[in-house]
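Each chain is listed here by its residues.
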Amino acid sequence: MLRYVLGRFWQSLILLLIVSFIGFTVLSLAPGGPLSQFALSPGMTQEQLDKIRTQMGLDRPLVVQYLDWLRHLVTGDWGRSYRDGQPVLEIIGQHMFATLLLMGTATALAVVLGTGIGIGSALRRGSAFDHTMTVLSMIALSIPTFWFGLVAIYVFSLGLGWFPAGNMYTVGDGSLGDYARHLVLPALVLALVDVAVWSRYMRTATLNVVHQDFIRTARAKGLGRGRILFKHIVGNALVPMVTLAGLQLPVLLSGALVTETVFTWPGMGRLFLDSLGYSDYPVVMGLLMTSAILVLIGNLAADLIVAAIDPRIRLE
């Protein structure tokens, strides 16, 4: 197990290096570059821009710039924002809780609803419920997240007035109930696609388990239906779903970016788009690395959990 974890650790480091170099290169070659915001300042001359370029080290070769940035990254200095001069790590820390709260709630909803729908569809294969859930899942997978978010705001916020249209809390309130009311709509919108994915995968996994020999043996021994369902069917069907949870992290992060923008949720996704608009490349690179680290940790955790709950799997 330890050798496997160490091997994954070195693989993750290599992947992070590749991701960081590609991201750094793309941002450096993007039109405008980091000096675009300085060029918008009234009275800014080309001589002043050249001086700023030299001070920021942008006149050096790209590889030298990348190695210098990487050296500071390893030592914990992720740079400072071009907008307000704050440390990048401090800015990301201010927005990370909001994103983790939204993603955690959406994931919990997707797992609970998707698992229940998937199991129900598998046990009632070919029924009206199964066909209805299949159609609804296909519709959910086809609807763009931003469109569903706008419809949810129009219906439940502007029309019915049940939930706030955006933000994370009401200024001057900040109670737990206020946070919960603001969380409902963005969490449901973000969970929509994951519910469809989980239900389809869970249905297939359950159908694969239901027809196994050990299920027929359990029934022949006279075990109760509830015990067979929860101990044998669900327990075995959930094993591949843990791996799916790790693979869904990138999808969840990209969905959070759109959802946070639609609902003006102050998380890392909205910060990413704002930073791109301001050409705040240190913050963009910091968010890129943070997202990559979260995805790698999530996939490693999924593998370890699968190995822990399934004794047939050995990590070497």
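Worth saying up front: this structure is predicted, and the values here are computed from it rather than measured.

A.B. asks: When you look at helix α7 (residues 145-159) in this model, what are you seeing that I'm missing?
C.D. replies: In a regular helix each residue adds 1.5 Å, so 15 residues correspond to 21 Å; α7 covers 20 Å between its end C-alpha atoms and thus fits that length. Taken as a whole, α7 has its buried residues at Gly149, Ala152, Ile153 and Ser157. Glycine 161 occupies a position one or two residues after α7 and carries a positive phi of about 70 degrees.

A.B. asks: I keep staring at the packing of helix α6 (residues 128-142) against helix α8 (residues 176-210) and nothing clicks. Help me out?
C.D. replies: A packed helix pair is summarised by two numbers, namely the angle formed by the two axes and the spacing between the axes. With their axes 9 Å apart at the nearest point, α6 and α8 run at an angle of 135 degrees to one another. Taken together, the axes of α6 and α8 lie oblique to each other. With respect to the hand of their crossing, α6 and α8 are arranged in left-handed fashion. For the pair formed by α6 and α8, the contact residues are Asp130, Met133, Thr134, Ser137, Met138, Ala140 and Leu141 on the first element and Leu192, Val193, Ala196, Val197, Ser199, Arg200 and Arg203 on the second. Residue composition of the contact of α6 with α8, by class: 8 nonpolar, 3 polar and 3 charged.

A.B. asks: Help me out: how do you make sense of the side chain of arginine 200 in this one?
C.D. replies: As for its position among the elements, arginine 200 is in helix α8. Of the side chains with opposite charge, aspartate 130 lies nearest to the buried arginine 200, which makes no salt bridge, at 4.3 Å. If near-sequence neighbours (up to four positions away) are discounted, arginine 200 is found in contact with Ser121, Asp130, Met133, Thr134, Ser137 and Met138.

Rules used throughout
Residues numbered from 1 in each chain as written. Predicted model: local features only at pLDDT ≥ 70, side-chain atom pairs only at ≥ 80, totals over all residues. Heavy atoms only, no water. Helix = DSSP H or I, 4+ residues; strand = E, 2+ residues; numbered from the N terminus. Expected span 1.5 Å × (residues − 1). Buried < 20%, exposed > 50% of the residue type's maximum accessible area, 1.4 Å probe, protein only. Axes fitted to C-alpha atoms, helices over the stretch in contact; angles between N-to-C directions. Parallel < 35°, antiparallel > 145°, perpendicular 65-115°, else oblique. Left-handed = near helix turned anticlockwise from the far one by under 90°. Contact = heavy atoms within 4.5 Å. Nonpolar A, V, L, I, M, F, W, Y, C, P; charged D, E, K, R; others polar. Lys, Arg positive; Asp, Glu negative; His and termini not counted. Salt bridge = Lys/Arg side-chain N within 4 Å of Asp/Glu carboxyl O.

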